[in-house]
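Spelled out from the first residue to the last, the chains are:
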Amino acid sequence: MKKLLNLILSMAALNAVGQTNQFTINGHIGNLNGQKVYLSFMTDGKGHEDSTTLANGVFHFTGRMNPYSSVRLALDHKGAGREIATHGGDVLYFNFSNETLNIASKDSLANAQMSGSKTYDEYSAYVKAVGPMPWDIDRISNAEIAAAPELANDTAFTNQVARHHYKMVADFQHKNLEFAKTHPDSFFAPVALFGTASNDKTVTVAEQVFKTFSPAIQATDNGKTIKEFIDAHYRLKIGGPAPVFTQVNPAGKQLSLADYKGKIVLVDFWASWCSPCRQEIPNLLSQYKMYKDKGFEILSISLDSSRDKWLKALQQEGMTWPQVSDLNGNNNSVARLYGVSAIPATFLVDRDGKLINTNLRGEDLNKKLAELFKN
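Throughout what follows, the structure given in this document is the object of discussion. Please read these numbers as outputs of a predicted model, since none were measured by experiment.

Looking now at the overall build of the chain. Of regular secondary structure, the chain possesses 13 helices and 15 strands. With the C-alpha coordinates aligned to their principal axes, the bounding extent of the chain is approximately 65 × 50 × 50 Å. Counting contacts in the chain only where the partners sit at least 6 residues apart, residues at least 24 apart contribute 67% of the total. Carbon and sulfur atoms make up 50% of the accessible area of the chain, which amounts to about 17,700 Å² in all. Taking the 39 positively charged and 37 negatively charged side chains of the chain as two groups, their mean positions are separated by 4 Å.

Another aspect to go through is the state of the cysteines. According to the stated counting rule, one finds 1 disulfide in the structure shown. Cys 274 shares a disulfide with Cys 277; S-S distance 2.3 Å. Sign of the S-S torsion, about 75° for the bond between Cys 274 and Cys 277, identifies this disulfide as right-handed. Relative accessible area serves as the criterion here: at 4%, Cys 274 is assigned to the buried category.

Note that an α-helix has 3.6 residues per turn; residues three or four places apart therefore point the same way. Those residues of helix α7 (residues 203-210) lying buried are Val 203, Ala 206, Glu 207, Val 209 and Phe 210. Burial along α7 is one-sided: seen end-on, the buried residues are contained in an arc of 165°. Buried residues along α7 sit against α5 (155-182), α6 (189-197), α8 (215-218) and α9 (221-235).

Taking every second residue as pointing to the same face, the buried face of strand β4 (residues 58-63) carries Phe 59, Phe 61 and Gly 63, while none of Val 58, His 60 and Thr 62 on the other face is buried. Pairing analysis gives 6 bridges linking strand β1 (residues 23-29) to β4, with the strands arranged antiparallel. By the bridge assignment, Thr 24 is partnered in β4 with Thr 62.

Here we take up the nonpolar core. Across soluble globular proteins, you tend to see nonpolar side chains buried next to one another. Residues Ile 25, Leu 73, Phe 94, Ile 103, Tyr 126 and Leu 193 are the most contacted members of the largest nonpolar core, which totals 56 residues. Excluding anything up to four places from it in sequence, Ile 25 contacts Leu 39, Phe 59, His 60, Phe 61, Leu 73, Phe 94, Phe 96, Leu 101 and Ile 103. Formed by 46 residues, the second largest nonpolar core is a distinct cluster that contains Leu 236, Leu 284, Leu 299 and Leu 303.

Applying the stated criterion across every chain yields a total of 20 aromatic pairs. On the basis of an interplanar angle of 85° and a centroid distance of 5.5 Å, the ring pair of Phe 23 and Phe 41 is categorised as edge-to-face. Here Phe 23, found in strand β1, pairs with Phe 41, found in strand β2 (residues 36-43); they are 18 residues apart in sequence, far enough to count as distant. Each member of the pair, Phe 23 as well as Phe 41, carries the same accessibility label: buried.

Our focus in this paragraph is the side chain of Ser 141. In this fold, Ser 141 is placed in helix α4 (residues 134-146). Exposure remark for Ser 141: the relative accessible area of 7% places this residue in the buried category. Beyond its immediate sequence surroundings of up to four residues, Ser 141 is in contact with Val 161, His 165 and Met 168.

Further remarks concern the environment of Leu 355. Topologically, Leu 355 is positioned in strand β15 (residues 355-358). Sequence-wise, Leu 355 and Leu 266 are 89 residues apart; in three dimensions their C-alpha atoms are separated by 9.9 Å. The residues contacting Leu 355, other than those within four sequence positions of it, are Leu 236, Lys 237, Ile 238, Gly 239, Gly 240, Ala 242, Phe 347, Leu 348 and Val 349.

Okay, α9 next. In this model α9 runs 20 Å from its N-terminal to its C-terminal C-alpha over 15 residues, within 8% of the 21 Å that 1.5 Å per residue would give. Along α9, the residues that are buried comprise Asp 221, Asn 222, Gly 223, Thr 225, Ile 226, Phe 229, Ile 230, Ala 232 and His 233.

Using the criterion set out here, one finds 9 salt bridges in the structure. Linking Lys 167 and Asp 171 is a salt bridge whose minimum nitrogen-to-oxygen distance equals 3.0 Å. Of this pair, Lys 167 and Asp 171 both sit in helix α5, 4 residues apart, which is roughly one turn of that helix.

The rules behind each value
- Sequence order sets the numbering: in each chain, residues are counted from 1 along the sequence as written.
- Confidence filtering applies because this is a predicted model: local features only for residues at pLDDT of at least 70, side-chain atom pairs given and counted only at 80 or more, and all residues used for totals across whole chains, interfaces and linings.
- Hydrogen atoms and water are omitted, and side-chain values are computed over all heavy atoms in the structure.
- Counting from the N terminus, the helices are the DSSP runs of H or I reaching at least four residues and the strands are the DSSP runs of E reaching at least two.
- Contact between two residues is taken to exist if any of their heavy atoms lie within 4.5 Å; hydrogens are not considered.
- Surface accessibility in these figures is a Shrake-Rupley result with a 1.4 Å probe; residues are shielded only by whichever protein chains are displayed.
- Only four residue types enter the charge count, namely Lys and Arg as positive and Asp and Glu as negative; His and the chain termini do not.
- Working definition for charges: the position is that of NZ of Lys, CZ of Arg, CG of Asp or CD of Glu.
- When two cysteine sulfur atoms lie within 2.5 Å, the pair is treated as a disulfide.
- Whether a residue is buried, partly exposed or exposed follows from its accessible area with a 1.4 Å probe, protein chains only, as a fraction of its type maximum: under 20%, in between, or over 50%, in that order.
- Think of the arc as the fan of directions from the helix axis to the C-beta atoms.
- When DSSP finds at least two bridges between two strands, those strands are taken to pair.
- Grouping buried Ala, Val, Leu, Ile, Met, Phe, Trp, Tyr and Cys residues that are joined through side-chain atoms within 4.5 Å yields what is termed a nonpolar core.
- Each aromatic pair joins two rings of Phe, Tyr and Trp (for Trp, the six-membered one) with centres within 6.5 Å, and gets the label stacked for planes under 30 degrees apart, edge-to-face for over 60, and tilted for any other angle.
- Helices are assigned an expected span. That span is 1.5 Å times one less than the residue count.
- Throughout this description, the term salt bridge denotes a Lys or Arg side-chain nitrogen within 4 Å of a carboxyl oxygen of Asp or Glu.

Right, here's the structure in full:
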């Protein structure tokens, strides 16, 4: 689920050679006043953010984006700020281009009606074919739990909700694969194929479907993203060489994985906004203190797009090991090289630069490090 949602939220879309037009988003949400609306999208491989304030329910955004860019709008009803509003609040996801889009609702983005955009209409056809979407599935599951608060601690009930949730996820993944197979010329075929391409167990299926896409679709940034996942599957083999990369640390100095040859290195993908990542940091601090003098190093790659938030998190968490980022968010070049579709993600590399294991965290990581440093 996280992987599918991650792509839809962050993927840079089609190349826009010679694109000069602007987009316009016109919104009208009841008679709300003073609430913030946050806009996020990616274009030319970089994340963009904007915000505005509702006045008598009206808001506007203008700018430029690549065709078929993935967009997120969040309405902050309670003044909680961007981060809280965009993670689980009143959020609207859609694909868009340099057009005019009209959004209207009596009370919320979740209930909004959209009109005026050909891109949005095409996106809606894709959603109709594969829906409900990941955020809809989460909403349905949360509503099922909220409807029976007295059963919150009933294992049978929570297991029932979980089974329904995972069935919806499985149905969504199946419908996406079928869409990718039957719509090889659709701009949304690579989006539909993402869940299959980012899973080691099904990536070979994705490779065969990807070959049926038209050259134009394969050449889009969405298509390139899928190709990178396929390539990463073959490139990242246990016992094989870990891909060498270089990015800059907070001081602007270039650091490379090659700099740490001779050490056991945990290549750690994280971000300041990732709660599971930050929950793991105390354990990393403990393991780093225990083994750093024995030849253990951590090289963390942040998928942040805000330098200030990145640096603030480093200070708050006391992360003293090497840190790098290109501040391109989920479009981080090292993340793409390693086929990372969701964080936290880790790759444990031996002293010769070969991959030992992937996605070790918590006790699994601790046991492996104890084994490697037992002498």
